[in-house]
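# Examining the three-dimensional arrangement
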Amino acid sequence: MRRLLTALALVAAVLAGGCSIVRYSFSGTSIEPDVKTVTINYFDYKALKVNPTLSNDITEALKDKFRKMTNLEQVEMDGDLEVSGEVTGYEVRASAVTADEVAAQNRLTVTCKLRFVNRKYPEDNVEQSFSAYSDYDSTNPLDAVEATLCEEIVEKLVEDMFNACVAQW
């Protein structure tokens, strides 16, 4: 009996020694327990074609995503995690052409460059570009569908950027 208890204690010690503690949540994030704060900076707008609300929409959507999906406190500066970036592309191109060589559908594409800094675990830092798009019927002028398209695109971009930062997928 003593040998069995000793063997179990040894196995438990070996298993415990090889484990590290990582905070996991149902949201799919993996954030170390000593990471408590995040700073999300305003995304600058550097695309040639202007959309006056897009930078703010992306910034606020990222803040909302972190608020809903993590327990991190959002701070104005010097967070354990820092998210920054810029909108680098905003363009419309034909995505489907008819037999008469006329655009049947157009595609609005938004590109962002993301910089993610983890001050406590720099090996998790990310610098990457993300693009998302939405197609629309070319009979509609962009002005008529732009708000809806941008809403869809921002949702896709924020999901991808959030996952790159804290889901480590």
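What comes next is a walk through the structure. Computed from a prediction, not measured in an experiment: that's the story for all the values here.

Below, the discussion takes up the layout of surface pockets. Considering only enclosed or pocket space, the largest pocket measures out at about 150 Å³ in volume. If you go around the largest pocket, the residues you meet are Ala61, Asp64, Lys65, Lys68, Val154, Glu155, Val158 and Glu159. Elements represented by at least two residues in the lining of the largest pocket include exactly helix H2 (54–69) and helix H3 (142–167). Of the residues that constitute the lining of the largest pocket, the class distribution is three nonpolar, no polar and five charged.

What follows concerns the pattern of salt bridges. Scanning the entire structure with this criterion turns up nine salt bridges. The closest approach of N and O atoms between Glu159 and Lys65, which form a salt bridge, is 2.5 Å. Of this pair, Glu159 sits in helix H3 while Lys65 sits in helix H2, placing them 94 residues apart in sequence. By relative accessible area, Lys65 is classed as buried at 19%. Among the ionic pairs, Glu86 bridges to Arg115, the shortest N-O distance being 3.4 Å. Separated by 29 residues along the polypeptide, Glu86 in strand S6 (residues 81–97) and Arg115 in strand S7 (residues 103–118) bring together distant segments of the chain. Exposure remark for Glu86: the relative accessible area of 12% places this residue in the buried category. Bridged by salt links that share partners, the residues Lys46, Glu86 and Arg115 form one connected network.

Rules behind the numbers
- Residue positions are given per chain, counting from 1 as you read along its sequence in written order.
- For a predicted model such as this one, the threshold for reporting local features is a pLDDT of at least 70, and the threshold for listing and counting side-chain atom pairs is 80 or more; totals across whole chains, interfaces and linings nevertheless cover every residue.
- Side-chain numbers here rest on the full set of heavy atoms in the structure, without hydrogens or water.
- The distinction between a cavity and a pocket rests on a 1 Å grid over the protein atoms alone: a 1.4 Å probe fits inside a cavity but cannot get out, while a pocket stays open yet meets protein on both sides within 12 Å along at least five of seven lines, and a residue with an atom within 4 Å of a point counts as lining.
- Grid points are joined across faces, edges and corners, and a volume is the space filled by probe spheres set on the points.
- Labels follow the DSSP assignment, with helices taken as runs of H or I lasting at least four residues and strands as runs of E lasting at least two, numbered in each case from the N terminus.
- Charged residues are taken to be Asp, Glu, Lys and Arg, nonpolar residues to be Ala, Val, Leu, Ile, Met, Phe, Trp, Tyr, Cys and Pro, and polar residues to be all remaining types, Gly included.
- Definition used for salt bridges: Asp or Glu carboxyl oxygen within 4 Å of a side-chain nitrogen of Lys or Arg.
- Only protein chains enter the area calculation, which uses a 1.4 Å probe; residues under 20% of their type maximum are buried, those over 50% are exposed, and those in between are partly exposed.

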